[in-house]
Every structure is written in C-alpha cells, then in structure tokens.
Amino acid sequence: MRFQVSLLPHAIAFAVALSRVVDGRLASTAAAPADTSRAVAQLRADADSLRPLTRSRLAREFLAATAVLSARAPRTVWRDSARTRWWNDVEARALPDSTRARLVSRELDESFFWNTRYGSPLSYVRALEIAARHGFEDLRGRRVADFGCGMIGQLQLMASRGAEVIGIDVDAMLRVLYSESRDLGEIRGDDGRRGRTRLAIGRWPAEPAVVTEVGGGFDLFLSKNTLKNGYLHPAEKVDLRMLVDLGVSDSAFVAALARVVKPGGLVVIYNLSPAPAPPDKPYLPWADGRCPFPRERWEASGFEVLTYDEDDGPAARAMGHALGWDRGDGGMKLESDLFAHVSVFRRR
C-alpha cells in the first residue's frame, strides 16, 4: 500500500524479493478450468507446508480455506502515463479511440491476481496466529479490516470462514483488477459458512468518503507491512515516494482506530522487514518495522497494550522457508535478512 502514488514502493528490493510479479504474457481471456490452475494449486500446496507451523484453529481454518479459491483467467488493465487512473478492459474499450490510444495496457495472469506485488496472501497466517493467541479465535460473524491490503486473497480466505472483511488501500489498480462480480461480495466456505468481502480505495481516515465506506464496529483491525516506523518516521531523508503519508497526524490516526474498533476488539500490526542497510549504503526505510506510534499514544486513546514490538523473527523465518522465499538463485538469506515485529492492542 502506498499513500502517495500507488502501492508501497514496488521498486523496493524487499518487496520484490517477497513478490511473484508476472509480466502478463498470457493473452487468453477464457475462463481457466479450476483443475489446471497452477496459482491456486500453489496456494494449496503452500497451505499444506504452513499447516505444521500453526497451533490455533483460526490459523488452520484460514489455510484450509484455500480449498474454496477458484481459478482466474488473465486480465487486462489500462492506466494513464502517470499511473494515477486505471480502467478495466471493458471500461477502456468504451473510451474514445483517441483517449484509449494514450493509455498503457498490461495483461496480468492468475498469479498476479492472487499475489499482486507482495507475494502469497498466506503470509497473513502469522498475524492471525497472533490474534488467536490474544483471544480472537473465530472468524464467524466477525468484522475484519485489513489496512494496506494490497490484494484480495487473504480477504476471501477470511470471508469464507464467515467474516465480513474490508480491504483498505490507496491503489486504484485494485479496483479494476478485482472488478468482476465473483471477486468481491459474498463468499461461501466449504463448510457452509458465508462471509463478504469489500474494498475501500482511498486514504483512511484522511478522506471522509473513505471513512464512511469503511464504517466501524471491527472485531479485528489488521495491518501487515504498511504501518512501519521507517515508512512514517524515517531516520534519514529519503525520496517521499518510499514513505507512507497517512494524511493525518499520528494521534488522529490512533484516535480513528479507537472509533472503529469495538470495545474488546484487537488491532494487530505485523511487519516483515529486511536487515538495515550497511553504513555505506542508502538508508532503507522499510527495514525499520517497529510500530510507528508510541505505547503512550495507544494508552491515551483507549487501548490496552498487549504486546509492543515483539520479535517474531524465528516464526517469520519458518514461514518464509515454508513459502519458499529462500529458494532459487534470488532467494532470501532468511537468517540474516528477514525480521518481524508484532504489536497488539485491545480496545478497552
């Protein structure tokens, strides 16, 4: 998620290392048969690899929900040269030829549909495992927000277990990528549970319309890899495009969380980060994965601090290995270049 141009910097090496970005070479728009979907098959295989690392029923049900995911055909998206406006294929073909001629098109395959620029949606399993550890044990009938969602795979997985889930992001590409009727809306799990998924595109809580669209009453408010101290409070001067601009002050943001999270509800901030750059290399704001808001700010806004900047590195590295982040020539050196911080707050 990026609050100034599009998503959190897709040029960032760490994001690229965790991503499975594709170049959209497939051109067919015919629906792909479910039994030939390599992307969905990979998600199910990854879920099998992750299952031995989980202890909670919540995390295991999240992984088991990969059974309900279905294949997606390649999709064409269109954008302007500034990457500020996006159209799906139907919208673009309705434009005048002179307008469409100035746009740039890109075909995105099924792997991009599920992983976008940030890698497997199954990496949310650690955040859910931690939420379960603090009493959030079941998704049925719960309201969940994912701040900086970046994709919808994790939204669908949670919704298939009976939750109403909204993904919040500023990237307008997500609206056109996920514009078919079956992408959002009601999701039915293999056990008969029904949930719903929605997207809210824009800056929350800086834009009143987005605040209205997101609503409140959340049992769980998640943020993974967006609310980083380095993105909000970099230790050195960097290109602003590498940072997250919330559009409001720190105190206003935490106060907004207090308004939308139910009493007893949780806020879970889970950040994966690489090692900091050596002294002779450029500063990496995304390497500082600490919580950007001080403990005192949370307490003053009506939250109980359950854990603050807890080291989840060993579990994150086990997850990364299960997901294959250390495989191949470009694989990560997990022990030296993957770290994790987690903070959990309960609304009083």
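Provided above is the structure to which this section pertains.
Reference entry: report on the structure contained in this document. As the structure is a computational prediction, the values presented were derived from the model and not from experiment.

1. Description of the packing of aromatic side chains
Here comes step 1: Per the counting criterion, the structure on display carries 13 aromatic pairs.
Here comes step 2: Seen from their ring centres, Trp204 and Phe221 are 5.4 Å apart, and the 40 degrees between their planes marks the pair as tilted. Taken together, the positions of Trp204 in the loop between β7 (194-201) and α10 (208-214) and Phe221 in strand β8 (residues 218-224) put the pair 17 residues apart, joining distant regions of the chain.
Here comes step 3: Relative accessible area serves as the criterion here: at 1%, Phe221 is assigned to the buried category.
Here comes step 4: Here Phe218 and Phe221 contribute two aromatic rings whose centre-to-centre distance is 6.3 Å and whose plane-to-plane angle is 85 degrees, an arrangement assigned as edge-to-face. For the pair Phe218 and Phe221, a shared accessibility class is recorded, and that class is buried.
Here comes step 5: These aromatic residues form a ring-pair network of at least three members: Phe147, Trp204, Phe218, Phe221, Phe253, Phe293, Trp298, Phe303, Tyr308 and Phe345.
Here comes step 6: The ring of Phe303 carries the charged tip of Arg347 above its face, separated from the ring centre by 6.0 Å.

2. Here we look at the nonpolar core
Here comes step 1: Within the largest apolar cluster, 62 residues are counted, with the highest numbers of intra-cluster contacts made by Phe62, Leu122, Val144, Leu220, Leu222 and Val268.
Here comes step 2: When residues of this core are assigned to their parent elements, the largest contribution, six residues, is made by helix α7 (residues 125-133).
Here comes step 3: Discounting chain neighbours no more than four positions away, the residues touching Val144 are Phe136, Leu139, Met158, Ala163, Glu164, Val165, Ile166, Phe218, Leu220 and Leu222.
Here comes step 4: Listed in part, the 31 residues of the second largest apolar core include Ile166, Ile168, Phe221 and Ile269.

3. Concerning the pairing of strand β11 (residues 339-347)
Put simply, side chains in a regular strand alternate between the two faces of the sheet.
Here comes step 1: Looking at chain direction, strand β9 (residues 261-273) and β11 are connected through eight bridges and run antiparallel. Its bridge partner lying in β11, Ser273 is registered against Phe339.
Here comes step 2: Bridge count for strand β10 (residues 303-311) against β11 is six bridges, and the pairing is antiparallel. Bridge pairing in β11 links Glu310 to Val342.

4. A word on the side chain of Thr66
Here comes step 1: Note on placement: Thr66 falls in the loop between α3 (57-64) and β1 (75-79).
Here comes step 2: Not counting residues up to four positions away in its chain, the partners in contact with Thr66 are Leu43, Arg44, Ala47, Leu122 and Leu157.

5. Looking at the pattern of salt bridges
Here comes step 1: What the rule picks out here adds up to 25 salt bridges.
Here comes step 2: Arg57 is paired through a salt bridge with Glu61; the nearest N and O atoms lie 3.4 Å apart. A residue pair is termed a helical-turn pair when its members lie 3 or 4 positions apart in one helix, as Arg57 and Glu61 do in helix α3 at four residues.
Here comes step 3: On the accessibility criterion, Arg57 (44% relative accessible area) is partly exposed.
Here comes step 4: In this structure, Asp288 and Arg290 form a salt bridge, with 2.9 Å as the shortest nitrogen-oxygen distance.
Here comes step 5: The exposure class of Asp288 is buried, given its relative accessible area of 15%.
Here comes step 6: Classification of Arg290 as partly exposed rests on a relative accessible area of 41%.
Here comes step 7: One salt-bridge network, in which partners are shared between bridges, spans Arg57, Glu61, Asp138, Arg161, Asp190, Asp191 and Arg193.

6. Here's the deal with the side chain of Arg161
Here comes step 1: Within the secondary structure layout, Arg161 lies in the loop between α8 (153-159) and β5 (164-169).
Here comes step 2: Judged by its relative accessible area of 5%, Arg161 falls in the buried class.
Here comes step 3: Engagement of the side chain of Arg161 in a polar contact is seen with the side chain of Asp190, the distance being 3.0 Å.
Here comes step 4: With sequence-adjacent residues up to four places away left out, Arg161 is seen in contact with Glu61, Ala64, Ala65, Leu139, Arg140, Asp190, Asp191 and Arg193.

7. Considerations on unusual backbone geometry
Here comes step 1: Look at the link from Trp204 to Pro205: it is a cis peptide, with omega at 0 degrees.
Here comes step 2: For Pro205, the location among the structural elements is in the loop between β7 and α10.
Here comes step 3: You will see that Arg83, though not glycine, has its phi angle at about 60 degrees, which is positive.
Here comes step 4: As for its placement among the helices and strands, Arg83 is situated in the loop between β1 and β2 (86-88).
Here comes step 5: Relative accessible area serves as the criterion here: at 33%, Arg83 is assigned to the partly exposed category.

8. Here's the deal with the pairing of β8
Here comes step 1: With seven of its seven residues buried, β8 lies for the most part within the structure.
Here comes step 2: Examined bridge by bridge, strand β4 (residues 143-147) and β8 share four bridges and lie parallel to one another. Within β8, the position partnered with Phe147 by the bridge is Ser223.

9. Points about the sheet that holds β2
What holds strands together in a sheet is hydrogen bonding between their backbones, with the strands either parallel or antiparallel.
Here comes step 1: Spatial strand order, β2-β1-β3: three strands in an open sheet with antiparallel pairing. Edge positions in the sheet fall to β2 and β3 (104-108), since each has one partner strand and no second. Adjacent strand axes in the sheet meet at a mean angle of 30 degrees when their direction is disregarded.
Here comes step 2: For β1 and β2, the ladder comprises three bridges, and the chain directions are antiparallel. Bridge pairing in β2 links Val77 to Asn88.

Definitions and limits used
Residues numbered from 1 in each chain as written. Predicted model: local features only at pLDDT ≥ 70, side-chain atom pairs only at ≥ 80, totals over all residues. Heavy atoms only, no water. Phe/Tyr/Trp six-rings, centres within 6.5 Å; stacked < 30°, edge-to-face > 60°. Helix = DSSP H or I, 4+ residues; strand = E, 2+ residues; numbered from the N terminus. Buried < 20%, exposed > 50% of the residue type's maximum accessible area, 1.4 Å probe, protein only. Lys NZ or Arg CZ within 6 Å of the ring centre and 35° of its normal. Core = buried A, V, L, I, M, F, W, Y, C linked by side-chain atoms within 4.5 Å. Contact = heavy atoms within 4.5 Å. Pairing = 2+ DSSP bridges. Salt bridge = Lys/Arg side-chain N within 4 Å of Asp/Glu carboxyl O. Polar contact = N/O pair within 3.5 Å; in protein donor to acceptor, adjacent residues only side chain to side chain. Axes fitted to C-alpha atoms, helices over the stretch in contact; angles between N-to-C directions.

Structural measurements only, silent on function.
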